[in-house]
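Each chain is listed here by its residues.
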Amino acid sequence: MTIWKPELSGQGPVYRQLAQAIANAIEHGELQPGQRLPTHRALANQLGVTVGTITRAYSEAEHQGWLTARIGAGTYVREESSEPALSWHIRQPDPERIELWQNLPILQDRQNAFSDAVDQILATPGRLNALMEYSSVNGELSQREIVSQWLQKYGFSTAIPERLFFSFGAQNGVLLSLMACGAVGETVLCEGLTYPGLSTLSHSLRIQLKGLAMDEEGLLPQALEKACQSGNYRTLYLTPTVQNPTTATMSLTRRQEILALCERYQLTVIEDDVHGILPEKRPPALAELAPERVIHLGSFSKNTSAGLRLGYMLVPAHLHTAMSIAVRGSCWMITPFMIELTCQWLVSGHADRMLLQQRKILRERGELLRHHLAKFGVQYQEGGMHAWLPLPPYWRCQSFVQAANQQGIGVAGAELFSAAHFPSPQAVRLSISHPGDNVSLDKALCILRELLETEPTPQWII
Ligand SMILES: Cc1ncc(COP(=O)(O)O)c(C=O)c1O
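Scoring rules and cut-offs
Residues numbered from 1 in each chain as written. Predicted model: local features only at pLDDT ≥ 70, side-chain atom pairs only at ≥ 80, totals over all residues. Helix = DSSP H or I, 4+ residues; strand = E, 2+ residues; numbered from the N terminus. Rg over C-alpha atoms; globule rule 2.2 N^0.38 Å. Buried ≥ 20, exposed ≤ 12 C-beta atoms within 10 Å, placed from the backbone. Core = buried A, V, L, I, M, F, W, Y, C linked by C-beta atoms within 7 Å. Contact = placed C-beta atoms within 7 Å. Domains from an automatic or database assignment. Near = placed C-beta within 6 Å. Axes fitted to C-alpha atoms, helices over the stretch in contact; angles between N-to-C directions. Parallel < 35°, antiparallel > 145°, perpendicular 65-115°, else oblique. Nonpolar A, V, L, I, M, F, W, Y, C, P; charged D, E, K, R; others polar. Pairing = 2+ DSSP bridges. Right-handed = clockwise from strand over helix to strand, strands pointing away. Expected span 1.5 Å × (residues − 1).

## Comments concerning the overall build of the protein
Line of reasoning, step 1. Helix and strand content of the protein: 16 helices and 16 strands.
Line of reasoning, step 2. The C-alpha atoms of the protein give 24 Å as radius of gyration, which agrees with the globular expectation for 462 residues (23 Å, within 12%).
Line of reasoning, step 3. Every one of the 462 residues in the protein was classed for burial, and the buried ones make up 42%.

Next comes the structure, spelled out in structure tokens:
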């Protein structure tokens, strides 16, 4: 039982004093990472204040990044390692470890593609200097034409220059879309398990997320309808194709059901389709079915280069002004040179080659995954960068992540994806694209298979 006693400064509202006392205690080591805080009621009794004051203080400290609340389990001092937004590290060449916890594109050599594109740009007199100036809010018409045509080739028929905006990758696309929808400070609906980048953004924008129940096809229409009947919501964020993290892909019927509800309850949908370019076959994007209800987000991160930070959005006409304001207000424009470089790759065929290479290697890795883990019910969509592994009943998520970690394998536990403390299942996400080569992936999967076959040793405590 925690016996921490906060020291209040006596200045300002009590909830702020308490939030400050929590921050001080963590900074001075009086409260340790992972330590549980007193219950709201216990602390309210101790300090002689209302439970509401404690709730407000904890939520303020949580917003500031000091605490994390776990549904039904209490409030804890945040541990760096359990917080994806704060403990971000990319592919590390540590020979002792194999990481399967981030959706990084398969490594590719872009040297030739880059120099070809730069040669093209430099070959046109004045072009480079023009790209170094301020430009229009959504790139040049010719660039939007190139991107639209390329997307149409891959089945996105609603990709037309008039609807297309650029972004700094899909993550920035989510931010711009939330801004354009006027969602800042509101409650946004989403899948109960969702892309952690949305949670990070919501945290900064003081957006409340309301995570909704899902099944093997993703968001459940009944859950959406129930939420819409009980509150006034305007925005729904969804990843209907190769959902991150569960891999769920909505059937056409499910898509139509969800869109019918969005129409009935006047919801704008932010369709995050960043993984949707990878599968060779997929159902139509939501934006194909309801172009005026859906902002469709994609990016070149997963198929050509994450470092170029180029994404695109297909935006309904009534949101064009709001989207222009969001882009202007946040960055004036998306880097013209980067748009041009990508367009060169789209025209020259380098982008197709890179996409096909991603698909080919992901296909090989999908086979390895099935070979090792099919009998454990691993869920995987062809072309996906990640798989979802529900754990056998004898494994708890946290212990499995820890056990894998001890064996040098990094996997992502379901809790990382929980939207606003939505109950997370005993499952882990395996990013098969993360390892540098297929041999390392094979080795990691062998180790995980052995772990899954073994019941963990019971831990004793008195
Ligand atoms: C669902 C989803 N949206 C957005 C992103 C971020 O994409 P980008 O690198 O284009 O910002 C990711 C990255 O994994 C993702 O999984």
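Text resumes after the structure shown.
## A short note on the nonpolar core
Line of reasoning, step 1. Among the nonpolar cores identified, the biggest contains 103 residues, and Val411 and Val428 are the most heavily contacted of them.
Line of reasoning, step 2. No other element matches the six residues that helix α7 (residues 169–180) contributes to this core.
Line of reasoning, step 3. If we skip the residues at most four places from it in the chain, Val411 touches Leu100, Trp101, Val401, Ala404, Val428, Arg429 and Leu430.
Line of reasoning, step 4. In terms of nonpolar packing, the next biggest core, distinct from the first, is built from 14 residues, Tyr15, Ile22, Leu31 and Leu37 among them.

## Focus on the domain arrangement of the protein
Line of reasoning, step 1. Each assigned domain of the protein is listed with its residue range as follows: domain 1 (14–78), domain 2 (98–107 + 352–453) and domain 3 (111–349).
Line of reasoning, step 2. The C-alpha-based centres of domain 1 and domain 3 are spaced at 37 Å.

## Regarding the site of the ligand
Line of reasoning, step 1. Taken together, 14 residues sit near the ligand, with Gly169, Ala170, Gln171, Ser299 and Ser301 positioned nearest.
Line of reasoning, step 2. In terms of residue count, α7 provides more of the shell around the ligand than any other element does, three residues in total.

## Points about the packing of helix α4 (residues 111–123) against helix α13 (residues 336–348)
Line of reasoning, step 1. As a packed pair, α4 and α13 sit with axes 9 Å apart at the nearest point and diverge in direction by 105°. Judged on the interaxial angle alone, α13 and α4 are roughly perpendicular. The segment α4 lies against α13, with Ala113, Asp116, Ala117, Gln120 and Ile121 engaging Glu340, Leu341, Gln344, Trp345 and Ser348.
Line of reasoning, step 2. Class assignment of the residues belonging to the contact of α4 with α13 gives a composition of five nonpolar, three polar and two charged.

## Brief notes about the sheet that holds strand β13 (residues 386–390)
Line of reasoning, step 1. Read from one edge of the open sheet, three strands run β13-β16-β15, paired in antiparallel fashion. The open sheet has two edge strands, β13 and β15 (412–413), and neither has a second partner.

## Notes on the sheet that holds strand β11 (residues 294–299)
Line of reasoning, step 1. An order of β4-β12-β11-β10-β9-β5-β6 is seen for the seven strands of this open sheet, with the pairing classed as mixed. With one partner strand each, in any of the chains shown, β4 (164–167) and β6 (208–212) form the two edges of the open sheet. Taking the axes of each pair of neighbouring strands and ignoring which way they run, one obtains an average angle of 25° across the sheet.
Line of reasoning, step 2. Pairing between strand β10 (residues 268–272) and β11: four bridges, direction parallel. Bridging across to β11, Glu271 finds its partner in His296.

## With respect to the pairing of β6
Line of reasoning, step 1. Across five bridges, the pairing between strand β5 (residues 187–191) and β6 is parallel. Note on β6: the bridge partner recorded for Leu189 is Lys210.
Line of reasoning, step 2. Crossover β5 to β6 through helix α8 (residues 196–205) is right-handed.

## Here we look at the environment of Cys446
Line of reasoning, step 1. Tracing the backbone through its elements, the reader meets Cys446 in helix α16 (residues 438–453).
Line of reasoning, step 2. Among the residues examined, Cys446 registers 14 C-beta atoms within 10 Å and is labelled partly exposed.
Line of reasoning, step 3. Residues Cys446 and Gly307 lie 139 residues apart in sequence; the distance between their C-alpha atoms is 31 Å.

## Quick notes on helix α1 (residues 14–27)
Count 3.6 residues to each turn of an α-helix, and residues three or four apart come out pointing the same way.
Line of reasoning, step 1. The terminal C-alpha atoms of α1 lie 20 Å apart, and with 14 residues this matches the ideal 20 Å at 1.5 Å per residue to within 8%.
Line of reasoning, step 2. Along α1, the positions that sit buried rather than exposed are Tyr15, Leu18, Ala19, Gln20, Ala21, Ile22 and Ala25.
Line of reasoning, step 3. Those residues of α1 that are buried lie in contact with α3 (51–63) and β1 (67–70).
Line of reasoning, step 4. Following α1 by one or two positions, Gly29 has its phi on the positive side, about 80°.

## A short note on the packing of helix α9 (residues 221–230) against helix α10 (residues 252–264)
Line of reasoning, step 1. For the pair α9 and α10, interaxial distance at closest approach is 10 Å and the crossing angle is 10°. The orientation of α9 relative to α10 falls into the category roughly parallel. Across the interface between the two elements, Pro221, Leu224, Glu225 and Cys228 from α9 touch Glu257, Ile258 and Leu261 from α10.
Line of reasoning, step 2. Within the contact of α9 with α10, the residues separate by chemical class into five nonpolar, no polar and two charged.

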